[in-house]
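Each chain is listed here by its residues.
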Amino acid sequence: DKRSTKPERWTRSTCVYCGVGCQMDVGSSNGRVVQVRPAASPVNRGHLCVKGRYAFEFNHAEDRVTTPLLRQDGKWHAVSWDEALDYTAGKLQEIAARDGSDAIGVLGSARATNEENYLAQKFARVVLRTNNVDCCARVCHTPSAKALKTMLGTGAATNSFDDIERTKLFLLCGCNPTENHPIVGARIKQAVRNGAQLIVIDPRRIELADYATLHLPVRIGQNIALFNAMAATIIDEGLLDHGFAADRVEGLAQFVEFIRDYAPEKVADACGIPADLIRSAARLYAKAKPAMCFHGLGVTEHTQGTEGVMTLINLALLTGNLGKAGAGINPLRGQNNVQGAAQMGCDPNSLTGAQSISEARTRFEAIWRAPVPQNRGLDLMAMMDAAAAGSFTALWAFGYDVYLSLANVNQTGKALEKLDLVIIQDLFMNQTARAFGHVFLPAASVFEKDGTFMNSDRRVQRVRQSVAPPGDTRPDWWIIQQLAARMGHASQFSFDSPQSIWNEVRSVWPAGAGLSYSRLERESINWPCPDESHSGTPFLHAGRFAIGQRASLACIPVMPTAEQRDANYPFMLTTGRTLTHFNAGTMTYRTPNTQLQASDVLDMATSDAQRLGFHDGEPVQLSSRYGSTILPLRLSEAIQPGELFTSFHHPDQLINCVTSPYRDRIVKSPEYKVTAVQVAHLPQN
Ligand code: SF4
């Protein structure tokens, strides 16, 4: 019985969904994944959430693409691997000769392993000779990585999840762990029950607000005003950690001068929070030591996303909440291996290990036996802009539905349709492939390959094959190597296993050198781990920052987003994720989780709905200046009047028709969190 639910074999692996990185035992029978059960790892301690535990049936969905496809005369045709690879290699060479190497780009993926992302960026740099390589971090936590790297020297979470039980206070900003990082959410809740305090800063009354000492429902788009006002209170009320500031902080005098303009009384109206409440939050955070901050996309996905994270780092610097257990700044990464994809070098401005191209290039060239391009590469958003302008003509995307995922779908579509070659490597015919693809390369899933993932707290963990890849599907690393060989680079892409790829990663990335597979068989380790006798680094910046002895405070003025309400668009929409589904829904909408939530819904404050005559469950037209979609309305007490919330998981509802074209001022991540919209009844037939 192919559908037997009794596993014949159990294989320890890592969850494919969020960046918590839970360990699981995957039960398989007759070549199918039939059960998943939690493992007793330091991360998840014997628990899994509804995604990790139950949402695995996508792996055997009937519409899984199991053979390479080429689009000819407007239709997809099944072809052999030789045919698909020869065609793809030929087209890439033709485009490089005609338009130049920088007309081509590669997108790595959080769905792919570290080893595969390493090969993807090596392919871009060595085979295509371009730094045009990026990944989905661009649309989520590149702002966090940039802010942390700029101010502290390492673009990653400062602490291990082990510190959840060590901290005295959680400052949660723009994240909803109950739904998006459920195992972390549960651990925070447990820590609060055991006496830790909790401040929740979020426009919505998320579930954890019920456990919080204080909830600050900041107006959408006003994070920086609020974080600056907390900093102003810390200075004003003498809550500065003078010893830490004297020893490890730069720029205090200038900051004190700057922050006067952000006294809580001056910004309370803009933030929508009484000055007293802002002051109370600042006092609580400054006095509880150690205090640990977790933040999410509610901080990063703004025109001042990078700067928003910088203002959070200011709070930690002022109060001495860095460089020790239970204190720090921790982006909750959305996807299983998004930290790893960027860390492996799927970033246009850095090589593996976030090493600067100009500083590390010579060392990489010696190991790769090939020149590394020096010019600045295009990030994902710049690739789209260049495509729209006609100067970028080919894109290879792994495990990433670009069309569905980027903000402002109409703008994305106009860019993608201009490309001469779109290569999609995925499990399913996603929306990007369906509308714009020329080549489809069928990939093995996480259950069908070996490798490693890197989770939110810098922990590297093994991914192990449970079942054979179906049909002609192949692991991403195999596909990249085949293509490289056809393009004249067989000798640099001749790895016989993920382990041998990883050993090359260890040779180019000093902070990962100690992470051998033999150790990872036994344990998970937080990098930096420079040699095999090193036990890993649960928290960063002890004694000195990676950037030096002192870190500088950042004076960040509020720059209002261009996205503003008016009479036509009177509501402010923010978007986010839910407990049952994941990102573009590619996996979870092919599982029974659909029975728990069949579609995205639009949350509106009950008072607004009553005022405007909307009813719970009514389908409504949600429109912005950029596009519109239809969603069922849900009356909610969690959202503030004048604000709306929806998730973006259902592929057909295409929420990103509505989201705006504005981007982070520094790293260009889309501003998914702020769009002025209107809501209308559907016309009666
Ligand atoms: Fe997977 Fe994240 Fe859920 Fe853990 S919390 S089971 S990593 S989705």
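Residues numbered from 1 in each chain as written. Predicted model: local features only at pLDDT ≥ 70, side-chain atom pairs only at ≥ 80, totals over all residues. Heavy atoms only, no water.

Colleague: Looking at this structure, how should I read the domain arrangement of the protein chain?
Modeller: Where interface size is given, it is often the accessible area lost as the parts come together that is meant. Taken domain by domain, the protein chain consists of domain 1 (9-60), domain 2 (69-139 + 336-489), domain 3 (142-331) and domain 4 (571-681). Computed from C-alpha coordinates alone, the two centres of domain 1 and domain 4 are separated by 29 Å. In total, about 880 Å² of surface goes out of reach between domain 1 and domain 4, with carbon and sulfur atoms giving 74% of it. Our count for the domain 1 to domain 4 interface comes out at 0 salt bridges. Where domain 1 meets domain 4, there are 3 residue pairs in polar contact (both at pLDDT 80 or more). A class-by-class count of the residues in the side of domain 1 that touches domain 4 yields 8 nonpolar, no polar and 2 charged. (Domains from an automatic or database assignment. Buried area = accessible area lost by both parts, 1.4 Å probe. Salt bridge = Lys/Arg side-chain N within 4 Å of Asp/Glu carboxyl O. Polar contact = N/O pair within 3.5 Å; in protein donor to acceptor, adjacent residues only side chain to side chain. Nonpolar A, V, L, I, M, F, W, Y, C, P; charged D, E, K, R; others polar.)

Colleague: Please explain the pairing of strand β3 (residues 32-38) as it appears in this structure.
Modeller: Two faces belong to every sheet, and in a regular strand the side chains alternate between them. Inspection of the sheet shows strand β2 (residues 23-29) paired to β3 by 6 bridges, in the antiparallel sense. Residue glycine 27 lies in a different strand from β3, and its bridge partner there is glutamine 35. Counted between consecutive antiparallel strands, the loop separating β2 from β3 contains 2 residues, among which asparagine 30 sits at a positive phi close to 50°. (Pairing = 2+ DSSP bridges. Helix = DSSP H or I, 4+ residues; strand = E, 2+ residues; numbered from the N terminus.)

Colleague: What exactly am I supposed to notice about the pattern of salt bridges here?
Modeller: It is possible for side chains of opposite charge to pair when their charged atoms get near one another. Using the criterion set out here, one finds 40 salt bridges in the structure. Residues aspartate 99 and arginine 98 are paired through a salt bridge, measuring 2.7 Å at the closest nitrogen-oxygen approach. Overall, the relative accessible area of 46% leaves arginine 98 in the partly exposed class. One network of salt bridges, in which partners are shared, links Asp236, Glu237, Glu265, Arg279 and Arg283. (Buried < 20%, exposed > 50% of the residue type's maximum accessible area, 1.4 Å probe, protein only.)

Colleague: I tried to follow unusual backbone geometry on my own but got confused; where do I start?
Modeller: Most of the time, phi is negative for any residue but glycine, and the peptide bond is trans. Cis peptide bonds are those with omega within 30 degrees of zero, and the linkage from lysine 289 to proline 290 qualifies with 0°. Topologically, proline 290 is positioned in the loop between α11 (275-287) and β12 (291-295). Proline 528 follows tryptophan 527 through a cis peptide bond whose omega is 0°. Looking at the secondary structure, you find proline 528 in the loop between β21 (525-526) and β22 (551-552). Phi is positive for aspartate 73, close to 50°, though the residue is something other than glycine. In this structure, aspartate 73 sits in the loop between β4 (69-72) and β5 (75-78). When its relative accessible area of 81% is taken as the criterion, aspartate 73 is described as exposed. Phi at alanine 354 is positive, roughly 55°, even though this residue is not glycine.

Colleague: For this particular structure, what's the right way to read the site of the ligand?
Modeller: Taken together, Cys15, Tyr17, Cys18, Gly21, Cys22, Leu48, Cys49, Gly52, Pro182 and Ile183 are the residues near the ligand. Of the residues contributing to the shell around the ligand, the split by class is 8 nonpolar, 2 polar and no charged. (Near = heavy atom within 4 Å.)

Colleague: Even after reading the chapter, I still don't get the sheet that holds strand β6 (residues 104-107), so can you show me in this structure?
Modeller: One key point about sheets: their strands pair by backbone hydrogen bonds, in either a parallel or an antiparallel sense. The mixed open sheet is built from 7 strands, whose spatial order is β5-β4-β18-β17-β16-β6-β7. Single-partner strands in this sheet number two, and they are β5 and β7 (133-134). Pairing of β4 with β5, which is carried by 4 bridges, proceeds in the antiparallel orientation. Directly across from glutamine 72, in β5, lies its bridge partner lysine 75. Contacting β6, β7 and β16 (394-398), helix α3 (residues 114-128) runs over the sheet at an angle of about 165° to β6. (Contact = heavy atoms within 4.5 Å. Axes fitted to C-alpha atoms, helices over the stretch in contact; angles between N-to-C directions.)

Colleague: I keep staring at the sheet that holds strand β8 (residues 169-173) and nothing clicks. Help me out?
Modeller: One open sheet holds the 5 strands; their spatial order is β10-β9-β8-β12-β13, and the pairing between them is parallel. Because the sheet does not close on itself, it has two edges, and the strands there are β10 (214-216) and β13 (328-331). Each neighbouring strand pair of the sheet contributes to a mean axis angle of 15°, computed without reference to strand direction. Pairing of β8 with strand β9 (residues 197-201), which is carried by 5 bridges, proceeds in the parallel orientation. Bridging across to β9, leucine 171 finds its partner in isoleucine 199.

Colleague: Explain the packing of helix α16 (residues 380-389) against helix α18 (residues 409-416) to me, please; I cannot follow it from the model alone.
Modeller: Working note: a packed helix pair is described by the angle between its axes plus the distance between those axes. The geometry of α16 relative to α18 is characterised by a closest axis approach of 7 Å and an angle of 60° between their N-to-C directions. On the basis of the axis angle, α16 is oblique to α18. Classified by chirality, the crossing of α18 by α16 is left-handed. Here Met384, Ala387 and Ala388 of α16 lie close against α18, whose contacting residues are Thr412, Ala415 and Leu416. Here the residues of the contact of α16 with α18 are counted per class, giving 5 nonpolar, 1 polar and no charged. (Parallel < 35°, antiparallel > 145°, perpendicular 65-115°, else oblique. Left-handed = near helix turned anticlockwise from the far one by under 90°.)

Colleague: For this particular structure, what's the right way to read the packing of aromatic side chains?
Modeller: Aromatic ring pairs are defined here through the distance separating the ring centres and the angle between the ring planes. All chains considered together, the criterion is met by 15 aromatic pairs. Judged by centre distance (6.5 Å) and plane angle (75°), the rings of tyrosine 17 and phenylalanine 58 are edge-to-face. Here the residue tyrosine 17 occupies a position in the loop between β1 (9-14) and β2, and phenylalanine 58 occupies one in the loop between α1 (50-54) and β4, the gap between them amounting to 41 residues. Residue phenylalanine 58 is classed as buried on the basis of its relative accessible area, which comes to 1%. (Phe/Tyr/Trp six-rings, centres within 6.5 Å; stacked < 30°, edge-to-face > 60°.)

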